[in-house]
Amino acid sequence: MEWSPRQYLIGFNMVPGIGGRRLLALEEHFGCLAAAWHASRRALAEVRGIGPKIAEQFCAVRSKLSPIGEEEWAAKLGAKVITLYDADYPAFLRRLAVPPPVLYVQGVLPREPGIAVVGTRRPSRLGIAQARHFTEEIVLRSKAVISGLARGIDFFAHQRALELGGRTVAILGSNIQAVYPAEHRELARRIAEQGAVVSEFSSRCPTVPGNFPRRNRIIAGLSSGVLVVQAGARSGALRTADWALELGLDVWSIPGEISDPLRAGNHALIKQGAQLVTSPVELFADQPREAPQARSSLEELHATGHHANEIAALLNMPIQEVLIELSRLQVKHGAGLG
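Residues numbered from 1 in each chain as written. Predicted model: local features only at pLDDT ≥ 70, side-chain atom pairs only at ≥ 80, totals over all residues. Heavy atoms only, no water.

Thoughts on the pairing of strand β2 (residues 102-107)
Here's step 1: A large share of β2 lies buried, amounting to 5 of its 6 residues.
Here's step 2: Across 5 bridges, strand β1 (residues 79-83) lies against β2 in antiparallel orientation. In the sheet register, Lys-80 faces β2, and the bridge partner there is Val-105.
Here's step 3: Pairing analysis gives 4 bridges linking β2 to strand β6 (residues 196-199), with the strands arranged antiparallel. In the strand pairing of β6, Gly-107 is matched with Ala-196. (Buried < 20%, exposed > 50% of the residue type's maximum accessible area, 1.4 Å probe, protein only. Helix = DSSP H or I, 4+ residues; strand = E, 2+ residues; numbered from the N terminus. Pairing = 2+ DSSP bridges.)

Encoded structure:
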């Protein structure tokens, strides 16, 4: 059976070990993916980056793969398959040196790049507060919040965007059916309704550790800048920042106590030239935020249990000003502020 060029792309994307670079090599060697698909094992093995092992693996599964069936599988899950050959492929993802050849998208992708919010899977209470607070500003600026649906900072960024009615995009390290971690499946469903859930992994792709570093380039590619909230020295968030720097995007890093291991990655980024930020408005330096909105944030932070020192750090306000505002709230509500 002969397929369209995009269907051959979907088919090859279903083969373990054949990604963007090898697809480019196949297309260059054979002139088109259709010719590559029908090539002999010996001819495939001669392609740069393919070799005998991958050629043998491909030939063993070739007859079992159906791009038409794959699109039907995606449709049953409420997803659309978008390929590099399609006009609606996100233009800003094409900035990547090797864009993901196939995307599975539940929901609707934003028309312009968003801002990535990333960080550790084991954040502190302050890190969680910062993720939520900075996300609030991004939503108020009508930007999509991009993250990776992981535990920790990713979760709280997505959650806060949804709470505020904003747009958020989750990039998976699994296929769209096998959402990982499993406890975030309901969150993924809500994100698809209010933004988009995106994966480059086919129905045949298992969830393995190597998937997660790969998805970081998509997080960066869908963004105009990357905010690293809280990250240790080996955090995957740093890889997302690396991709952003390679694309010439803004990278922002929130500093912390110099002895805090959960800020070691943040401080390393700052040493490398990332922008140190202590207030959400610094992500939008050319769009000053009105003071009443800042006061509203102060009231909300206090209502959710934050102490004066935490509020001062989160809002980049002098502690004396925070205490004055809290005193005003005490008078306004007639309740102790403790």
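Overview of the pattern of salt bridges
Where charged atoms of side chains with opposite charge meet at close range, the side chains can pair.
Here's step 1: Per the stated rule, a full pass over the model turns up 16 salt bridges.
Here's step 2: Between Glu-193 and Arg-189 there is a salt bridge whose closest N-O contact spans 2.6 Å. With Glu-193 and Arg-189 both in helix α9 (residues 185-194) and 4 residues apart, the pair spans about one turn of that helix.
Here's step 3: For Glu-193, a relative accessible area of 61% puts it in the exposed group.
Here's step 4: Of the charged contacts in the structure, one is a salt bridge between Asp-242 and Arg-239, with a shortest N-O distance of 3.3 Å. Note that Asp-242 and Arg-239 are positioned in helix α11 (residues 237-246) at a spacing of 3 residues, about one turn of the helix.
Here's step 5: Judged by its relative accessible area of 33%, Asp-242 is partly exposed.
Here's step 6: In this structure, a network of salt bridges that share partners links the residues Arg-132, Glu-136, Arg-160, Glu-163 and Glu-300. (Salt bridge = Lys/Arg side-chain N within 4 Å of Asp/Glu carboxyl O.)

Quick notes on the nonpolar core
Here's step 1: Within the largest apolar cluster, 40 residues are counted, with the highest numbers of intra-cluster contacts made by Phe-12, Ile-18, Leu-26 and Leu-149.
Here's step 2: Broken down by secondary-structure element, the contributors of at least two residues to this core are α1 (5-13), α2 (20-30), α3 (33-37), α5 (51-61), α6 (67-76), β1, β2 and α9.
Here's step 3: Residues Tyr-89, Ile-171, Val-228 and Leu-238 belong to the second largest nonpolar core, which totals 31 residues. (Core = buried A, V, L, I, M, F, W, Y, C linked by side-chain atoms within 4.5 Å.)

Points about the pairing of strand β3 (residues 114-118)
Here's step 1: Across the 5 residues that make up β3, a large majority, 5, are buried.
Here's step 2: As paired strands, β3 and strand β7 (residues 223-228) are joined by 5 bridges and run parallel to one another. Within β7, the residue paired with Val-117 across the bridge is Leu-227.
Here's step 3: Bridge count between β3 and strand β4 (residues 145-147): 2 bridges; the pairing is parallel. In the sheet register, Ala-116 faces β4, and the bridge partner there is Ile-146.

Let's talk about the state of the cysteines
Here's step 1: Evaluation of the coordinates by the stated rule reveals 0 disulfides.
Here's step 2: Cysteine Cys-32 remains unbridged, with the sulfur of Cys-59 as its closest cysteine sulfur at 16 Å.
Here's step 3: When its relative accessible area of 32% is taken as the criterion, Cys-32 is described as partly exposed.
Here's step 4: The class for Cys-59 is partly exposed, based on a relative accessible area of 22%. (Disulfide = S-S within 2.5 Å.)

Focus on the packing of aromatic side chains
Here's step 1: Within the structure shown, the criterion is met by 9 aromatic pairs.
Here's step 2: Where Phe-12 meets Phe-58, the ring centres are 5.2 Å apart and the plane angle is 25°; that geometry is what we call stacked. With a gap of 46 residues between them, Phe-12 in helix α1 and Phe-58 in helix α5 connect regions that are remote in the sequence.
Here's step 3: Its relative accessible area of 2% is what places Phe-58 among the buried residues.
Here's step 4: Considering the side-chain rings of Trp-73 and Tyr-104, the 5.9 Å spacing of their centres and the 80° angle between planes classify their relative orientation as edge-to-face. Taken together, the residues Trp-73 in helix α6 and Tyr-104 in strand β2 connect sequence positions 31 residues apart. Each member of the pair, Trp-73 as well as Tyr-104, is classed as buried.
Here's step 5: Members of the aromatic cluster, joined through ring pairs, are Trp-3, Tyr-8, Phe-12, Trp-37 and Phe-58. (Phe/Tyr/Trp six-rings, centres within 6.5 Å; stacked < 30°, edge-to-face > 60°.)

Looking at the packing of helix α7 (residues 125-140) against helix α14 (residues 308-315)
Here's step 1: Closest axis-to-axis distance for the α7/α14 pair is 10 Å, and the angle between their directions is 45°. Between α7 and α14, the interaxial angle falls into the category oblique. The two elements α7 and α14 meet at a crossing, and its hand is right-handed. Residues Arg-125, Leu-126, Ala-129, Gln-130 and His-133 of α7 form the contact with α14, whose own contacting residues are Glu-310, Leu-314 and Leu-315. (Axes fitted to C-alpha atoms, helices over the stretch in contact; angles between N-to-C directions. Parallel < 35°, antiparallel > 145°, perpendicular 65-115°, else oblique. Left-handed = near helix turned anticlockwise from the far one by under 90°. Contact = heavy atoms within 4.5 Å.)

No statement about biological role is implied by the geometric values presented.
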